[in-house]
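A structural walkthrough
Single-letter residue listing:
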Amino acid sequence: MSFKALVVIVMAGILVNNYTLRQFLGICPFLGVSKELKNATGMSIAVIFVMLLATAVTWPIQMFLLVPNNLGYLQTVVFILVIAALVQLVEIALKKFMPPLYNALGVFLPLITTNCAVLAVTIANIDSGYTFVESLFNALGSGLGFFLAMVLFSGVRGHIEASDPPESFKGLPITLVAAAILSLSFFGFNGVVENLFA
Amino acid sequence: MNPIIFAVIAVAVIGLICSVVLAIASKVMAVPVNETEQKVRECLPGANCGACGYAGCDGYAAALASGEETKTNKCIPGSDGVAKLVAGVLGVEAEDVIEQVALVHCLGTCDVTKDKMNYQGIESCKAAKLFYGGRGSCTYGCLGIGDCMNVCPQNAIYMDKGIAHVDNELCIGCGLCAKTCPNGIITLVPDVIRTMVTCNNHDKGAVTRKVCSHGCIGCMKCVKNCPAEAISVVSNLAVIDYTKCQNCGKCAEVCVTGCIMEADFKGIWNTNDPDVEKPEWGEEKAED
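About the cut-offs
- All residue numbers here refer to positions counted from 1 along the written sequence of the relevant chain.
- Each chain gets a letter, beginning with A, and each ligand a number, beginning with 1, in the order they are written.
- This being a predicted model, a pLDDT of at least 70 is required before a residue's local features are given, and a value of 80 or more before pairs of side-chain atoms are given or counted; all residues contribute to the totals for chains, interfaces and linings.
- By the criteria applied, helices consist of DSSP H or I runs no shorter than four residues and strands consist of E runs no shorter than two, each listed in order from the N terminus.
- By the convention adopted here, residues are in contact when the distance between their C-beta atoms, placed from the backbone, does not exceed 7 Å.
- Exposure in this text rests on C-beta crowding, where 20 or more other C-beta atoms within 10 Å of a residue's own make it buried, 12 or fewer make it exposed, and counts in between make it partly exposed. The C-beta atoms are placed from the backbone.
- To form a nonpolar core, buried Ala, Val, Leu, Ile, Met, Phe, Trp, Tyr and Cys residues must be joined through C-beta atoms within 7 Å.
- As annotated, the domain borders come from an automatic or database domain assignment.
- A residue's pLDDT is the confidence the predictor assigns to it, expressed on a 0 to 100 scale.
- Angles here are taken between N-to-C directions and fall from 0 to 180 degrees, while the axes themselves are lines fitted to C-alpha atoms, restricted in helices to the stretch in contact.
- We call two directions roughly parallel when the angle between them is under 35 degrees, roughly antiparallel when it is over 145, roughly perpendicular when it lies between 65 and 115, and oblique otherwise.
- Each crossing gets its hand from how the near helix is turned against the far one by less than a right angle, where anticlockwise is left-handed and clockwise is right-handed.
- All residues other than Ala, Val, Leu, Ile, Met, Phe, Trp, Tyr, Cys, Pro, Asp, Glu, Lys and Arg, Gly among them, are scored as polar; the first ten of these are nonpolar and the last four charged.
- Here, expected helix span is obtained from the residue count minus one, scaled by 1.5 Å.

Attention now moves to the overall build of chain B. Across its full length, chain B carries 10 helices and 8 strands. For chain B, the share of sequence-separated contacts (at least 6 apart) that also reach a separation of at least 24 residues comes to 58%.

So this is what it looks like as structure tokens:
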């Protein structure tokens, strides 16, 4: 496990395997909360936070509880259960001990309790055979990728608001078209990261 | 052991651990919910308009309950009724709400000013403003497309002769229009005032005169005539200081272009007063 490998994992999470724009996971917050830059960043930071926490908890569960007992097939169920409980716990703890942080992230935390992007990161960590540290870096990269997608798209939506599309395209249709074009542009990153240090 | 039973037990145990941890956490780390706050919140209208200066009704209720905010009369849409309810919950004396109304500081109707282009872009003042300052020859005045009209929760704003007018009877003083107007020509004022400057043009007198016969040319006549010294001309535009204004109306009498008008701006709450006459906006001094 070298420094280079970790950089590749993070960059791959941000650009090549971008969860929102390449794998179409976490579309709900991507379309729902991206209207304003402020909300988009708040949501993204909450997602990064939860992805890291979820990875830190689910990786040991998989490796030390499920695999030794041949319960690998329970992965999805157990992960959802644990992540949901964890986010609730974090929310309660934040409310008590860090009210400013709760005010900033609080509204977004319940939204991501059962978000598929969070679950996908934890499962991808196991499927890719990452070590614990590599998993954490993958979670960080994926979270940053989500952050990038949200910030980019909130900018795009700002321009959509000020434009005048045909009546039938107003609202969600034009937003989806814009999301599709943004997603297409991310396909241009194919093969970039693998040759980062070549 | 049967693998199925083992799997069921494993998941059940994990679930049980999670629920016990959550149950303990919610007890140990419970944040006491302020009862007063909830009661105050129930009194407020719940429109979340932000006229009180807080992010919404919740914010105002929290500030009142925690003692941070002592004034119970900040909810302008709620008026005296809400102020009394809130004061009742908090056990303090009710203060009279100074109702506010929105004023449009422009009377550049199509007969007194000209268009400099045939604007056919996006139907929004915000967009029109970006395009050479809008279609009117005066870049300070009402853009006439009606962003304020669209944002008004009470439908109190209507467009007539190319400019926005506020129906004082319907206006609740929430100030959403003032925030929306890209030229900032709408302001909120206490509804006890009688005089207003209906111009927002900061150009020199000669320039203003060219684009609008109704504009303030900064001639200082009102300043000299005001007995209360409430008027000053700031960058070629008369500004009335309502903390000093005595509502005598002398400024309106001497105004050369008729851009200072005298009228009653009392809003919805005081209309049962028989002595109050509503201003007739459409006919206001158009002959000037």
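Attention now moves to the overall build of chain A. If you tally the helices and strands in chain A, you get 8 helices and 0 strands. Across the 198 residues of chain A, 34% fall into the buried class. Pairs at least 24 residues apart make up 77% of the contacts formed inside chain A by residues separated by at least 6 positions.

Turning our eyes to something else, we now look at the nonpolar core. Soluble globular proteins tend to bury their nonpolar side chains together. Core analysis: the biggest nonpolar cluster contains 60 residues, and B:Leu44, B:Val104, B:Val166, B:Cys177, B:Ile186, B:Val197 and B:Ile260 have the highest contact counts within it. Two domains share this core, each providing at least three of its residues, namely domain 1 (35-90) and domain 2 (100-266) of chain B. For B:Val104, the contacting residues outside a window of four places in its chain are B:Cys142, B:Ile163, B:Ala164, B:His165, B:Val166, B:Ile185 and B:Ile186. If you look at the next biggest cluster of nonpolar residues, it comprises 43 residues, including A:Val10, A:Leu66, A:Leu109 and A:Phe153.

The next point concerns the confidence of the model for chain A. A residue-level look at chain A finds 98% of positions with pLDDT of 70 or above and a mean pLDDT of 86. Averaged over each element, pLDDT in chain A is lowest for helix 5 (residues 99-105) of chain A (74) and highest for helix 7 (residues 132-161) of chain A (92).

Another aspect to go through is the environment of B:Lys39. Relative to the helices and strands, B:Lys39 is located in helix 2 (residues 35-43). For the pair B:Lys39 and B:Ala65, spaced 26 residues apart in the sequence, the C-alpha separation amounts to 9.1 Å.

In this structure, A:Ser44 sits in helix 3 (residues 37-66). If near-sequence neighbours (up to four positions away) are discounted, A:Ser44 is found in contact with A:Phe146, A:Phe147 and A:Met150.

Time to look at the packing of helix 3 of chain A against helix 7 of chain A. Residues and elements named next belong to chain A. Between helix 3 and helix 7, the least distance of the axes is 9 Å, while the angle of their chain directions is 165 degrees. By the angle class used here, helix 3 and helix 7 are roughly antiparallel. Like other packed secondary-structure pairs, helix 3 and helix 7 cross with a definite hand, here right-handed. Here the contact of helix 3 with helix 7 is built from residues that sort into 18 nonpolar, 7 polar and no charged.

Position of B:Arg41 relative to the elements: it lies in helix 2. Considering only alpha carbons, one finds B:Arg41 and B:Val86, 45 residues apart in sequence, at a separation of 8.6 Å.

Moving on, we come to unusual backbone geometry. A positive phi angle, close to 55 degrees, is found at A:Asn70, a residue other than glycine. Mapped onto the elements, A:Asn70 comes out in the loop between helix 3 and helix 4 (75-97). For A:Asn70, a count of 11 C-beta atoms within 10 Å translates into the label exposed. The backbone phi angle of B:Tyr132 is positive, close to 55 degrees, even though this residue is not glycine. By the secondary structure assignment, B:Tyr132 is in the loop between helix 5 (125-130) and helix 6 (147-151). For B:Tyr132, a count of 11 C-beta atoms within 10 Å corresponds to the exposed category.

What sets the pattern is the α-helix's 3.6 residues per turn: residues three or four places apart point alike. Residue and element names in this part refer to chain A. When the terminal C-alpha atoms of helix 6 (residues 116-127) are compared, their 16 Å separation across 12 residues agrees well with the 16 Å that a helix rising 1.5 Å per residue should span. Here helix 6 has its buried residues at Ala 117, Val 118, Leu 119, Val 121, Thr 122, Ala 124 and Asn 125. In the stretch just after helix 6, Gly 129 is the one whose phi turns positive, near 70 degrees.

Our focus in this paragraph is the packing of helix 4 of chain A against helix 1 (residues 3-28) of chain B. Where helix 4 of chain A meets helix 1 of chain B, the axes come as close as 10 Å, and the angle between the chain directions of the two elements is 5 degrees. Classified by the interaxial angle, the pair formed by helix 4 of chain A and helix 1 of chain B is roughly parallel. Judged by residue contacts, A:Val77, A:Val78, A:Leu81, A:Val82, A:Ala85, A:Gln88, A:Leu89, A:Ile92 and A:Ala93 of helix 4 of chain A engage B:Val11, B:Ile14, B:Gly15, B:Cys18, B:Val21, B:Leu22, B:Ala25 and B:Ser26 from helix 1 of chain B. When its residues are assigned to classes, the contact of helix 4 of chain A with helix 1 of chain B shows 14 nonpolar, 3 polar and no charged.

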